[in-house]
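A look at the structure
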Amino acid sequence: MKRIVVFLIALMLSFSIISASANSNINILYDCEKLDVQTEIVNYRTMVPFEDICSALGIKVVLDPQTFQITASKDDIELKMTLNNPQITINGVPGSFDSPPTAVNNKIYVPAVHLAQIFNFETVWDPETNTLQINNPLYPVSVNGKYGFINNKGEIVISPQYDDILMLQTQEGMVMGFYNGYAAVKVKGKWGFINHKNEFIAEPKYDEVDFFEDNRAAVYIFDDKANDYPGLKYRYTYIRPDGSEITDFIFNRNYGFNRMFSSGAAIVHYNGQDRLIDRNGNFLLGEDYTLHTICRGGMIGASWTENGKRVSGFASLDGKNKIRLNGASPFNGFMKDRALIQQTVYTDFGSKNKFGMIDRTGKVVVKPTWDYILYSDDFSDNYAAVEQSYQYGFIDLNGNTLIQPKYTAVKLFNEGLAAVSVDGKYGFINIKDEMVIKPVYDYADYFMEGYARVNIDTKSAYRNSPSQLGGKWGFIDKEGNLVIDTVYDYVDPFYKGIARVYVYQPGGGLGSAKIGYINKQGKVIWQPRR
């Protein structure tokens, strides 16, 4: 392999002038073990030697000496790329690196995070320790009332030994135990956190916990005096990945905002008020600020006093940069450099909220004329779903209407397609509003990893909760082929090549279902069981 790489670079290096700087302060961990890999910063991206990282991750590499094309493969994933070209293919599907493969000091360097994610590894970046975690995905299982984890081959990696595991259901519908590098597990009534080596990074001593987000996790202790409401009798703080607590248990649990960290800040309830803190527990902004949204993209929706009047808008975490809204209020934080705003419109029949978007300069890029707007930072391509008079369509992030509202229900665009409802049946359209997959399903969801879950023989009209639909579930590909038969009582979307499937027991539902896992070939890697 090394001779191949050197040969390729020798032929092409003369055509490249690369600005690179070594950054030995970046640590790369693979399943909690440190890799001996020299990183480089190329065009402000963390890059790693292709040969070294592929060898460490078990990725096979082959060079075509005629085309100088490099092929990397692992399991059922094949990546093809060429030097200095960001364009790649993944299993024949065109894509691109966020930074092209680059020759530096007689080695090919590739973007570490992007390469790992292509091959279904999980990645977590810790800016405080300059550490990149690369982990094999693990999936929660239960055996005889105890919980553990398997890998993508169905092999037990962490033996079932815990009384419970905190499960997260993502916006896309996946149920996860490990999230952002750690899993919350319960032992003898108390919660702690483990890493991928099944080592406790926080001993089980907490009454409740939340997931790690932005390298912080909320941890709770019961306090009968904390609140008059039974469900709120907790005080909490946050822990770091090393298990240390950022403050004493000074915050009171309350209903309302998500308490997870985002963009280096979290909303906490302190002395009867929602306040903003940084990762070390220091208060941000002042008591004059009333918070309206969670922090996203380094700004938070809020209102504050200026010249004796309350002003509504968005503020940076230090309060130095502000976007003031005229006649509107913030509804959601910045995602994809856009933030949702809402404006109250008064008519002869009462009032109604209308929604629009602003950019980071405060410019209104989507006028607040829509009944609702939905989009996502994590997926949904670069389009937003819009609602008008209970009909749905799509716009781009500059406000251009791409598909007029005419569908009774839609899912967000992802991987180039969106599920839409026509006369009570779901099919899939592209952004040109062409029906690519005919509407023949009782329910359909987003495309994730090339597959979309679909439902037939729906028994319920309650379609906001797919797990309550009844009927049978399977998966289709982007050509509309049924690649996994509709034989399951419920399924989660695919995550890193594996999907969680449910088999209901007689008279039971999701809560008492047997749970198993399948791969993308439909092979059962973990037989459904309780």
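Here the structure is a predicted model, which means the values were calculated and not measured. (Residues numbered from 1 in each chain as written. Predicted model: local features only at pLDDT ≥ 70, side-chain atom pairs only at ≥ 80, totals over all residues. Heavy atoms only, no water.)

**Focus on the overall build of the protein**
- In terms of helices and strands, the protein carries 3 helices and 54 strands.
- For 530 residues, the compact-globule estimate of 2.2 N^0.38 gives 24 Å, and the protein sits close to it at 25 Å.
- By principal-axis analysis of the C-alpha atoms, the protein measures approximately 75 × 55 × 55 Å.
- In the protein, which comprises 530 residues, the share counted as buried stands at 50%.
- Counting only contacts in the protein whose residues sit at least 6 apart along the sequence, the fraction spanning at least 24 positions is 38%.
- Taken as a whole, the protein presents about 24,700 Å² of accessible surface, with 47% of it coming from carbon and sulfur.
- The distance from the centre of the 54 positive side-chain charges to the centre of the 59 negative ones in the protein is 1 Å. (Helix = DSSP H or I, 4+ residues; strand = E, 2+ residues; numbered from the N terminus. Rg over C-alpha atoms; globule rule 2.2 N^0.38 Å. Buried < 20%, exposed > 50% of the residue type's maximum accessible area, 1.4 Å probe, protein only. Contact = heavy atoms within 4.5 Å. Areas by Shrake-Rupley, 256 points an atom, 1.4 Å probe, with all protein chains shown as cover. Lys, Arg positive; Asp, Glu negative; His and termini not counted. Charge placed at Lys NZ, Arg CZ, Asp CG, Glu CD.)

**Observations regarding the sheet that holds strand E36 (residues 329–330)**
- In spatial order, the strands read E36-E37-E38-E39; together these 4 strands make up an open sheet with antiparallel pairing. The open sheet has two free edges, formed respectively by E36 and strand E39 (364–370), since each of these has just one partner strand. (Pairing = 2+ DSSP bridges.)

**Let's talk about the nonpolar core**
- Core analysis: the biggest nonpolar cluster contains 39 residues, and Phe193, Val209, Ile239, Phe394, Ile429 and Tyr517 have the highest contact counts within it.
- Counting residues per element, this core draws most heavily on strand E24 (residues 200–206), which supplies 3 residues.
- Listed in part, the 30 residues of the second largest apolar core include Leu79, Phe97, Ile108 and Phe121. (Core = buried A, V, L, I, M, F, W, Y, C linked by side-chain atoms within 4.5 Å.)

**Some details on the side chain of Lys496**
- Within the secondary structure layout, Lys496 lies in the loop between strand E51 (490–491) and strand E52 (498–503).
- There is no salt bridge for the buried Lys496, and the closest opposite charge comes from Glu449, which lies 6.1 Å off by N-O distance.
- Sequence-distant contacts of Lys496, defined by excluding residues within four places in its chain, comprise Gln117, Asn120, Phe121, Glu122, Pro137, Tyr139 and Glu449. (Salt bridge = Lys/Arg side-chain N within 4 Å of Asp/Glu carboxyl O.)

**A word on the pattern of salt bridges**
- Per the stated rule, a full pass over the model turns up 26 salt bridges.
- As a salt-bridge pair, Lys472 and Asp489 come within 2.7 Å of each other at their nearest N and O atoms. Here the residue Lys472 occupies a position in strand E49 (residues 472–476), and Asp489 occupies one in the loop between strand E50 (482–488) and E51, the gap between them amounting to 17 residues.

**Description of the sheet that holds strand E31 (residues 283–284)**
- On the basis of which strands lie adjacent, the open sheet formed by 3 strands has the order E29-E30-E31 and antiparallel pairing. A single partner strand is all that each edge strand has here, and the edge strands are strand E29 (265–270) and E31.
- In terms of strand pairing, strand E30 (residues 273–278) meets E31 through 2 bridges, oriented antiparallel. Within the sheet, the bridge partner assigned to Ile277 lies in E31 and is Phe283.

**What about the packing of aromatic side chains?**
- Taken as a whole, this structure holds 31 aromatic pairs when the rule is applied.
- Relative to Phe413, the ring of Phe394 has its centre 4.7 Å away and its plane inclined at 70°; by these criteria the two rings are edge-to-face. Residue Phe394 is located in strand E42 (residues 391–396), and its partner Phe413 is located in the loop between strand E43 (401–407) and strand E44 (418–422); the two are separated by 19 residues in the primary sequence.
- Aromatic ring contacts, followed pair by pair, group Tyr220, Phe222, Tyr234, Tyr236, Tyr238, Phe251, Phe261, Tyr270 and Phe283 into a single cluster.
- A cation over an aromatic ring shows up here: Arg253 above the ring of Tyr234, its NZ or CZ 5.1 Å from the ring centre.
- Directly above the aromatic system of Trp526 lies the positively charged group of Arg529, at a separation of 3.8 Å from the ring centroid. (Phe/Tyr/Trp six-rings, centres within 6.5 Å; stacked < 30°, edge-to-face > 60°. Lys NZ or Arg CZ within 6 Å of the ring centre and 35° of its normal.)

**Observations regarding the pairing of strand E54 (residues 524–529)**
- Relative to E54, strand E53 (residues 514–519) is paired through 3 bridges, and the arrangement is antiparallel. Bridging from a neighbouring strand, Ile515 pairs with Arg529 of E54.
- Between E53 and E54, which follow one another and run antiparallel, lie 4 residues, and Gly522 among them has a positive phi close to 85°.

**Structural notes on the environment of Ala409**
- Along the chain, Ala409 falls in the loop between E43 and E44.
- Each C-alpha atom, one on Ala409 and one on Gly231, is 35 Å from the other, the two residues being 178 residues apart in sequence.
- Setting aside its immediate chain neighbours within four residues, Ala409 contacts Tyr392, Ala419, Val420, Ser421 and Tyr426.

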